[in-house]
Amino acid sequence: MGEKKKKIIKTIKVDADKCNGCRACEVICSAFHATPKYSSNNPARSRIRVIRHPLKDIYIPVYAGEYTPAECAGRDKYVIDGKEYEECAFCRASCPSRDIFKEPDSGLPLKCDMCESDPDLEEPLCVKWCLADALTYEEREEEVEEEEEQEEMEIGLEALADKFGLDKIMDSVARMSMKD
Amino acid sequence: MGDKRVKAVVVRGTKDINVAKPLEYMELCNEVLEYIKFRNENPIPGVMAILQGLGSPQEMATHDEKWHTENFMWGNSRLRRRDFWNEEIAKAWKDTMENMQTRLISCYNCPMKCGATITPPGQPTYMMKCFSKLTYTMAAMSDLEFGLGIAQSATEYGVDGFSTPQVMAFALELYENGILTDDDMPGMPSDNDGRFYWLLDKIVRREGIGDVLANGTYWAAKEIGKGAEEYAHNNIKKHEQLPLKLSMLNPVYFLMYATGEKINITQIEGQFPQAPYPKREHREAFVKDWFQVPDEKFKQYFLDWEPRGENSNPYYPTVQMSCDIVDWQERMHYIDDGLGMCAGLSSFPLKPPYHMHNYPKFISAGAGIDMDEDKLTQAARRYRTLVRANNIRRGMRRKDEKPPENHWKKRFPELEEELLDTYYKFKGWNNDGIPTKESLHELGLDYVSEDFEKRGVYSDDGDTPSKETSVEKEKEV
């Protein structure tokens, strides 16, 4: 067991009822992440997108999360307060099933970094520019087990072992060293 | 657009919007953001609710409609109902709006919430903003439930919430007075609300009388004849105006109504309070943080403007002051249009976040164009003059620049003449409202004056003043 360590968890609370669909969050996000900073804006480059169907009263600000190489096999639909949400409405993944959260030029995945910068901003800019108060920044402290960080090669080996089994890997390594 | 039978042009961009000087630009954006927050928390006292804040008039969020329902005219811009608003109606209309409204909504990248999604029972959802909340209700002398319901059909059909209800009220007035008859209205229901739905359908499908009415009250009256023109009483330059009939002539509004070429008063007014504050101390408080004025003199104009006495309408603001005030108001609208900005955060409200002093900075930082207040003023003049030049080519002259005869009860023909004479000179137009060769040259528009000469624009009306504007003259005709 590792030692307990305090960690700051950064959270953006989304109150979808308050969102008015202006998409200022998308504009400021893409501007902040432009190079040079603020030199351009384009919602397609934003790490937050508002999933909106105004005539169905659906407004869901969603943040870009992890990249996934494959889309889900089965998908869900949600009905909340009588409104049916599309299968991917709440999902944060940069996923082959949809266009959002991909850098338009390269297709590489985008991920929200909470506007990390030096010096730190008081709050992510999407929160600052949301005058509807649909987005609120919160920090909370959590105690987590301190884990030793794996090195890059170990991560790779672990993935190979998961896929082919440790014995096969060891055989291969042995064969490769014989060749040398 | 109407001539071309085009409803709208939609542009969907997918590329980046580049900014010339990013850090300077963001600093300006941050200033505006802070000021919008300040203005949202500090509504302007002493003016009606819809003028206290920013954005398009907040009709979707405001339930108190005493001002509109008792000051605007009902029906075919005929009836003022001074004691209309009461607790019972206030409650019923609030309930209607709350039951039908799902959410306040914004335009792209704008912090205001001027619009709303509305779902009348049994009908699809649509989007609405501003005064279209009341136009159908008041034209039909009905209630809000009817107004929001028929506005859904109108929106789905793609007709407006302004001239459409007016032309329907006009048609029913003609019917009540025997100018239109059952032969013109075959199958029209007998109930009032039903008649409006019936007329809407006829107009949209251009069937029968609907085909005539679809051209608006001015042209419809001409086609119908039989005295119908007397009923198309609320036009300027052949276009329907807001249903307002007031008492004392306001010189600033006279000039705006008469000379505005974006046709509707809301497309020229703004910035300057619509009426004087009763007490000087209130006026002093108002001007204290009025940094949007392009010149300090505007503060004095407002400070000295009294509801009664020597410094009141119609002779105060003076003719020269009125020219200055109108010019500022109009300039801001043309700048907004030139920039693609919404009037709701600039030209329309009092004390807006975008104004004459920061617009040049935004343009410089955003587009990299070397801009200052003088250059921007000149650019707006050029644009505004081109709009006039276009209308002049199509035959517009001084004789067309007249508010409806019954817009104000108290009219002052000599003053109105003087206002127009002075304003035309001030704008660089001749006495018939045509931009002079000199003023066109100054704006780099020599090709326009050459075109005018070729068409004989100067020689046929040119320097010969046409004095057909005054009400008195009109009555003689």
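Residues numbered from 1 in each chain as written. Chains lettered and ligands numbered in written order. Predicted model: local features only at pLDDT ≥ 70, side-chain atom pairs only at ≥ 80, totals over all residues. Heavy atoms only, no water.

A.B. asks: It is not clear to me how the sheet that holds strand β4 (residues 126-129) of chain B should be interpreted in this structure. Could you clarify?
C.D. replies: Across a sheet, paired strands are connected by hydrogen bonds in the backbone, their directions being either parallel or antiparallel. Residues and elements named next belong to chain B. Strand order in the open sheet formed by three strands is β2-β3-β4, with antiparallel pairing between adjacent strands. On the outer flanks of this sheet lie β2 (101-105) and β4, each paired with one strand and no other. On average, each strand axis in the sheet is tilted by 30° relative to the strand beside it, whichever way the strands run. Sheet strands touched by helix α4 (residues 87-100): β2 and β3 (115-118). Its angle to β2, the strand with the most contacts, is close to 80°. Sheet strands in contact with helix α6 (residues 144-157) are β3 and β4, and its direction is about 110° off that of β4. (Pairing = 2+ DSSP bridges. Helix = DSSP H or I, 4+ residues; strand = E, 2+ residues; numbered from the N terminus. Axes fitted to C-alpha atoms, helices over the stretch in contact; angles between N-to-C directions. Contact = heavy atoms within 4.5 Å.)

A.B. asks: What is the right way to look at the interface of chain B and chain A in this model?
C.D. replies: A common way to state how big an interface is: give the accessible area lost once the parts meet. With 29 residues of chain B in contact, the opposing surface of chain A contributes 26 residues. Of the roughly 2,300 Å² buried between chain B and chain A, counting both surfaces, carbon and sulfur atoms make up 55%. For the pair chain B and chain A, the interface holds two salt bridges. Where D16 of chain B meets R45 of chain A, a salt bridge forms, and the shortest distance between an N and an O atom there is 2.9 Å. Linking chain B to chain A there are twelve residue pairs in polar contact (both at pLDDT 80 or more). The dominant element in the side of chain B that touches chain A, judged by the number of residues it contributes, is helix α1 (residues 22-41) of chain B, at eight residues. Each residue belonging to the side of chain B that touches chain A can be placed in one class, and the counts come to 16 nonpolar, eight polar and five charged. Sheet analysis places strand β2 (residues 40-41) of chain A next to strand β1 (residues 17-18) of chain B, joined by two bridges and oriented antiparallel. Bridge pairing links N41 of chain A to I17 of chain B in β1 of chain B. (Buried area = accessible area lost by both parts, 1.4 Å probe. Salt bridge = Lys/Arg side-chain N within 4 Å of Asp/Glu carboxyl O. Polar contact = N/O pair within 3.5 Å; in protein donor to acceptor, adjacent residues only side chain to side chain. Nonpolar A, V, L, I, M, F, W, Y, C, P; charged D, E, K, R; others polar.)

A.B. asks: Would you explain empty space enclosed by the protein in this entry?
C.D. replies: Empty space among the atoms can be located by rolling a probe the size of a water molecule over them. Residue and element names in this part refer to chain A. According to the stated counting rule, one finds six cavities of 30 Å³ or more in the structure shown. Around the largest cavity, the lining is made up of 14 residues, and of these C19, C22, R23, C25 and C130 lie nearest the centre. Residues of the lining of the largest cavity, tallied by class, amount to eleven nonpolar, two polar and one charged. Lining the second largest cavity, in full, are C29, H33, R47, I48, Y63, C112, D113, M114, C115, P124 and C126. Of the residues that constitute the lining of the second largest cavity, the class distribution is eight nonpolar, one polar and two charged. (1 Å grid on protein atoms, 1.4 Å probe; cavity = no way out; pocket = protein on both sides within 12 Å on 5 of 7 lines; lining within 4 Å. Points joined across faces, edges and corners; volume = space filled by probe spheres on them.)

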